[in-house]
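# Summary of structural features
These are the residues of each chain, in order.
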Amino acid sequence: MNKAEKPESWDPKKIEAKWSEIWSREGIYEPDLNSAKKPYYNLMMFPYPSAEGLHVGNMYAFCGSDIYGRHQRMRGNDVFEPIGLDGFGIHSENFALKIGQHPMELSKKTEANFYRQLHMIGNSFAWDEKLETYDPSYYRFTQLIFVQLFKSGLAYRGKATVNWCPHCLTVLADEQVLKKSKIKMQKSKIDEEVEVCERCGTEVERRDLSQWFFRITNYAGRLLKNLDSIDWSEKVKVAQRNWIGKSEGAKLMFASDIESDALIEVFTTRPDTIFGVTFLVLAPEHPLVTTIINKAKGLLQQQIRNFVDYSLKKTESERIGAKFEAKKSVKKQEKEGIFTGFYATNPLNGEEVPIYIADYVLMSYGTGAVMGVPAHDERDFEFAKKYKLEIKPAIVPKEGEWDFSQNAFTEEGVLANSGQFDGLTTEDGIQSVINYINENHLGSSFATWHLRDWIISRQRYWGPPIPMIFCEKCAADGKSWFTENKTQISKVKNQNLDWGHAGWYPVPEEDLPVELPYVKNFKPTGSGVSPLAADSNFVNVKCPGCGSQAKRETDVSDTFLDSAWYFLRYPSQIQNPKVKSQKLPWDAEITKKWLPVDMYIGGAEHAVLHLLYSRFLTMALYDMGLVNFEEPFTKFRVNGLLIKDGAKMSKSKGNVVNPDDYIQKFGADTLRCYLMFCGRFSQGGDFRDTGIEGMQRFLRRVWKLATGPVSGNIEALGHSLGRDQRPVGNLHEAHRSQNSESTPSRAPSLKADDERMMHKTIKKVTQDIESLDYNTALAALMEWMNFLEAKVSKVSQISSEETRTLLLLLAPFAPFMTEELWQTVSRGQVPETRDEKSFRSIHQEKWPEFDEDKIKSGKTMLIVQVDGKMREKVEVDVGISKDEAEDVASKLEKVSKYLESGKYSAIYVPNKIINFVTEK
RNA sequence: GCCGGGGUGGUGAAAUCGGUAUACACGUCAGACUUAAAAUCUGAUGACCGCAAGGUCGUGAGGGUUCGAGUCCCUCCCUCGGCACCA
């Protein structure tokens, strides 16, 4: 090549626009959903569009997911990487309120902006299947799923003390309430924790309200158990395990003298301590408390009543009033209680113990009653000290002494003072006591859970209306959908119908969707009902059961229901000609082919929200026979958090990176690569402006190397055939022949060093992409680049195989630039029209293979140590023996001086290290 | 309190099984090119001692195991996240 001939310079803007268009025209990212041979569903959590536009954090996660998907595509899979918007919900609505626009109009704008940005980042999205959760053709099915859950007994209406956000003016599910430390005191280390709304950060309140719930608790066991067999980031599995919160133990029945048949059920995880019980405690809300008050006499009756009133009020006021008392730890509330005058009988030894009512026992956990074992439980100990109750050891340490008057002994030990069980270890003791109570019908083994049912109602506007109708007349007659559909009842578990369903009917499926009407005043009311309640046209409806005047449910469903099933919808989107029937949101055949999702990537903040809800819903659909798998995401990986200059990005700090500016300035390829280079994908990274310039330098060098006069690639790739006669689209052929002996003569053959470097890089990049270690994959590519440039400066040429491999390995990271180089430099012109079936993108090419033998061949650096300290390095042939290595190494100048005494031995790690150990 | 990440140069970060600590990049310094600057290229860059050859120290702290420890064990500290009057 003539040195005077200048290669075209790299113009990211130009080529990125060009290739976006060609890729879309050629449909290279649209797999054949009906007949793909190797379907691979690669998904990233879809974004909720905010008006500020796509956050660089979204882009970070999306790029990470896309690189993985592009790699899978080049490995020969039919990769499906859909995209959509989670645009319904409080977040979008709150923003609409803030700027005074109607969410129906605002969503159109944010949608356009988001899709524009998502187009620019160069992901291999399958745009034809995009979806938006606020589209009636989508939420029609969100509602249908609600109806299905209702009919299966998994949706019910219940009254409960629920979380209420005074800012969003709606109830929230337990998962959507976060603990936040309000005041941090450096020295005392006491954090004041408050519960806040996941969306807006406002401290939540409690209200007693009737709401729609999903029975996620029915699935607690399976949600927990399946975690062992799914390939998910450990972090998320741990968070889910914690949240599900299984606690295993036993339920024990204590007879009492309150009433002849009043058995008090207690839950304990330590049945082995049963002989240490010295009292019983009931929660103030416990059902037996009413009986106790009724039966108590005189002054005691009044005292108990006062105490119960006081402690019920106290919990309320504590939650609301204690927030400014910085010094007070939440944990160390003084325990208060009162003796009831009644006694219970220990079922194992027949001892009578006093019954107390105390505020430290929670009705919402276990059975609302505990056995007091002060010798082995810190809380019971504290309570016993205060009320001067007996402390009776039932477990002793395996070794040493324990002063039971000072502290509770909560560790495992050996049973003592426990009759027939004396001498057993804690572990055996638990089992033996459980066996005993089982045999004698005194109780049973039992597990209790932290997980609560999912509150699905939201008293808001911007969501899918809950498709339910309430009929006063049917309610009065005791009629409901269930009484009218008796066959269904037999399929539903009894306890699932154990609620006041009289009067409730789902909207008939043919009437779905219940469209969200345009309501001018969409502001939340705060009165416990949605703004929809003000729209009488919407509310009034005929009862599907009796035909008389009835009312619609006016609450909308939780946003997390929209996102709990979207992955099921993508492959079966309406664009697909095979989906004729739209009775179900998904086509059975297509779903069988593409689901579950092969690889799912997203943020850890959804560990117990979206990721738990999706699992629950998939299991429920599986049980209904609507899908044939019970776990939605075979493999899931969390992406880390991207920060900026060491600090979390936030609007208040003004350090939010807008990807648009960077794409404008550097192009998407540079930004993509830089984001991935910031740190390990699973751990996040630190975005710095100076760093991105370094990445641009690297890509420019790649461009230069590939277009430069020194890489003998033009001929090697078949350009010598001449453009006219070269069969279009046979690059693959050229590639293959390149690997065989028919290497064109102009291309220099690779020396062992060159080959080792190339194969080493292929191996490293391949493995690192698989484990999502994109930063080190890029580092390996840079190292190889440095090597290739050094080679160019020496021999003025690199082989076309090297250029090509470099482009292929870089393709997932920098899709635009590598495509441009591949097509224009290596291959020639791009077909201009769709008719030409010949177009083949670099992203459809085969991923390079590495040859382990070529990595291992040749010479290696042997590290020579004396007494564990590195003293010298020496180049040796791979595979030399210990004796040879010892011989070579011991003669080295920097080594021999330490070995003059002749008294030493050597440890040899083949091909790596020889360590001489001298005698002292 | 319990459970999980993490703590490595001036900075972002690397380091299969226990085997060269700091790859790769940023920054800085020096040099080349230039009237000059930018860009680009070349070189140096953990700390300390030394003219040098070379040496000593060094992965949050302190112990231990080992020929050899960022990596394993023990006792702590800090930090981020999850759970928590959970019986």
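Going by the structure above, here's the rest.
Heads up: these notes are all about the structure in this document. (Residues numbered from 1 in each chain as written. Chains lettered and ligands numbered in written order. Predicted model: local features only at pLDDT ≥ 70, side-chain atom pairs only at ≥ 80, totals over all residues. Heavy atoms only, no water.)

### Here's the deal with the packing of aromatic side chains
In this description, an aromatic ring pair is defined by two values, namely the gap between the centres and the angle between the planes. Note the threshold: Pairing of aromatic rings covers Phe, Tyr and Trp, the last through its six-membered ring, and needs centres within 6.5 Å; plane angles under 30 degrees mean stacked, over 60 mean edge-to-face, and all others mean tilted. The rule is simple: take the accessible area with a 1.4 Å probe, protein chains only, and divide by the maximum for that residue type; under 20% is buried, over 50% is exposed, in between is partly exposed. Only runs of H or I of at least four residues qualify as helices and only runs of E of at least two qualify as strands under DSSP, and these elements are numbered from the N terminus. Throughout this description, the term charge over a ring refers to an Arg CZ or Lys NZ atom that lies within 6 Å of the ring centre and within 35 degrees of the ring normal.
If you walk through the whole model with that rule in mind, you get 62 aromatic pairs. Geometrically, the ring pair formed by Trp23 and Tyr29 is edge-to-face, given 5.6 Å between the ring centres and 65° between the ring planes. Neither Trp23 nor Tyr29 differs from the other in exposure class; each is buried. Each ring, one from Phe80 and one from Trp594, has its centre 5.6 Å from the other, and the planes form 65°; the classification is edge-to-face. Within this pair, whereas Phe80 is found in strand S2 (residues 78-80), its partner Trp594 is found in helix H18 (residues 588-594), the two being separated by 514 residues in sequence. A cation over a ring is seen here: Arg552 above Phe538, with NZ or CZ 5.5 Å from the ring centre.

### Considering the pattern of salt bridges
Heads up, the rule is: The rule for a salt bridge is simple: a side-chain nitrogen of Lys or Arg has to be within 4 Å of a carboxyl oxygen of Asp or Glu.
Counting across every chain of the model gives 39 salt bridges. The partner of Glu630 in a salt bridge is Arg222, and the shortest N-O contact between them spans 3.1 Å. Separated by 408 residues along the polypeptide, Glu630 in the loop between helix H19 (610-623) and strand S28 (635-639) and Arg222 in helix H6 (residues 220-225) bring together distant segments of the chain. The exposure class of Arg222 is partly exposed, given its relative accessible area of 28%. Across the salt bridge formed by Arg241 and Asp228, the nearest N and O atoms sit 3.2 Å from each other. With Arg241 in helix H7 (residues 234-244) and Asp228 in the loop between H6 and strand S10 (231-232), this residue pair connects regions lying 13 residues apart in the sequence. The network of salt bridges with shared partners includes Asp66, Arg70 and Arg672.

### Brief notes about the nonpolar core
Under the convention used in this document: Among buried residues, the Ala, Val, Leu, Ile, Met, Phe, Trp, Tyr and Cys ones that are joined through side-chain atoms within 4.5 Å form a nonpolar core. Contacts between residues were defined by any pair of non-hydrogen atoms, one from each residue, lying within 4.5 Å.
Counting 192 residues, the largest nonpolar core has Trp454, Leu810 and Phe813 as its most contacted members. For this core, the element with the highest residue contribution is helix H26 (residues 774-795), accounting for 10 residues. Leave out the neighbours within four places in its chain, and Leu810 touches Phe698, Leu699, Val702, Leu778, Leu781, Met817 and Thr818. Formed by 41 residues, the second largest nonpolar core is a distinct cluster that contains Phe254, Leu280, Ile293 and Ala344.

### Looking at the packing of helix H25 (residues 752-770) against helix H27 (residues 800-810)
A pair of packed helices is captured by two measures, namely the crossing angle of their axes and the spacing between those axes. Counted only if it meets this: Comment: axis = line fitted to C-alpha atoms, over the contacting stretch for helices; angle = value between 0 and 180 degrees taken between N-to-C directions. Relative orientations are named as follows: roughly parallel for angles under 35 degrees, roughly antiparallel for angles over 145 degrees, roughly perpendicular for angles from 65 to 115 degrees, and oblique for any other angle. In this scheme the crossing of two helices becomes right-handed for a clockwise turn of the near helix relative to the far one and left-handed for an anticlockwise turn of less than a right angle. All residues other than Ala, Val, Leu, Ile, Met, Phe, Trp, Tyr, Cys, Pro, Asp, Glu, Lys and Arg, Gly among them, are scored as polar; the first ten of these are nonpolar and the last four charged.
At a minimum axis separation of 11 Å, H25 and H27 run at an interaxial angle of 10°. With respect to each other, H25 and H27 are oriented roughly parallel. Every pair of crossing elements has a handedness; the one defined by H25 and H27 is left-handed. Seen from H25, the contacting residues are Asp754, Met758, Thr761, Ile762 and Val765; seen from H27, they are Glu801, Glu802, Thr805 and Leu809. Class assignment of the residues belonging to the contact of H25 with H27 gives a composition of 4 nonpolar, 2 polar and 3 charged.

### Things to note about unusual backbone geometry
A cis geometry characterises the amide bond from Leu512 onward to Pro513, with omega recorded as 0°. Mapping Pro513 onto the fold places it in the loop between strand S23 (504-506) and helix H15 (536-539). For the bond running from Leu595 to Pro596, omega is 0°, close enough to zero to count as cis. Checked against the element boundaries, Pro596 lands in the loop between H18 and strand S27 (599-603).

### A look at the sheet that holds strand S32 (residues 869-877)
Stated precisely, the cut-off is as follows: At least two bridges found by DSSP between two strands are what make those strands a pair.
Reading across from one edge, S32-S31-S34-S33 is the order of the 4 strands in this open sheet, with mixed pairing throughout. Single-partner strands in this sheet number two, and they are S32 and strand S33 (904-909). The average angle at which neighbouring strand axes cross in this sheet is 20°, direction not considered. With 6 bridges connecting them, S33 and strand S34 (residues 913-918) associate as antiparallel partners. The partner of Val909 across the bridge, within S34, is Ile913. Strands strand S31 (859-866), S32, S33 and S34 of the sheet are contacted by helix H30 (residues 882-890), whose axis makes an angle of about 70° with S34.

### As for the pairing of strand S12 (residues 263-268)
Where strand S11 (residues 247-256) lies against S12, 6 bridges are found, and the strand directions are antiparallel. By the bridge assignment for S12, Met253 is matched with Glu265. In this antiparallel pair of consecutive strands, S11 and S12, the connection spans 6 residues.

### Overview of the sheet that holds S28
Reading across the sheet, the 5 strands line up as S2-S1-S27-S28-S10 and stay open at both edges, with parallel pairing between neighbours. For this open sheet the edge positions go to S2 and S10, each flanked by a neighbour on one side alone. Both strand S1 (residues 39-44) and S27 contribute to a ladder of 3 bridges, which runs parallel. Residue pairing in the sheet places Met44 in a bridge with Ile601 of S27. Packed onto the sheet, helix H2 (residues 56-74) meets S1, S2, S27 and S28 and runs at close to 170° relative to S1.

### As for the environment of Gly366
Following the sequence through the fold, Gly366 ends up in the loop between strand S15 (352-358) and strand S16 (369-372). Along the sequence, Gly366 and Gln683 sit 317 residues apart, while their C-alpha atoms lie 37 Å from each other. Dropping the residues within four chain positions of it, Gly366 is found in contact with Phe267 and Thr448.

### Overview of the pairing of strand S25 (residues 549-552)
Here 2 bridges tie strand S22 (residues 468-470) to S25, and the two strands are oriented antiparallel to one another. From the neighbouring strand, Ile469 faces S25, where its bridge partner is Arg552. The hairpin turn running from strand S24 (residues 540-542) into S25, its antiparallel successor, is 6 residues long, and Gly547 in that turn takes a positive phi close to 85°.

### Overview of the protein's contact with RNA strand B
Spelled out, the test is: The near set for a molecule or strand comprises every residue that places at least one heavy atom within 4 Å of it. Pairs of N or O atoms within 3.5 Å make up the polar contacts considered here, provided that, within protein, one atom can donate a hydrogen while the other can accept it, and that residues adjacent in sequence are counted only when both atoms are side-chain atoms.
Close to RNA strand B lie 51 residues; Lys335, Tyr365, Arg379, His450 and Asn915 are nearest. Close to the protein, within 4 Å, the atoms of RNA strand B are drawn from sugar and phosphate at a rate of 64%. Contact distances for RNA strand B include 3.1 Å between a sugar or linking oxygen and a backbone N or O atom of Tyr360. The side chain of Glu783 places a nitrogen or oxygen atom 3.3 Å from a sugar or linking oxygen of RNA strand B. Ranked by the residues each element gives to the surface near RNA strand B, the list is headed by H26, at 6 residues. Partitioning the surface near RNA strand B into residue classes produces 19 nonpolar, 14 polar and 18 charged.

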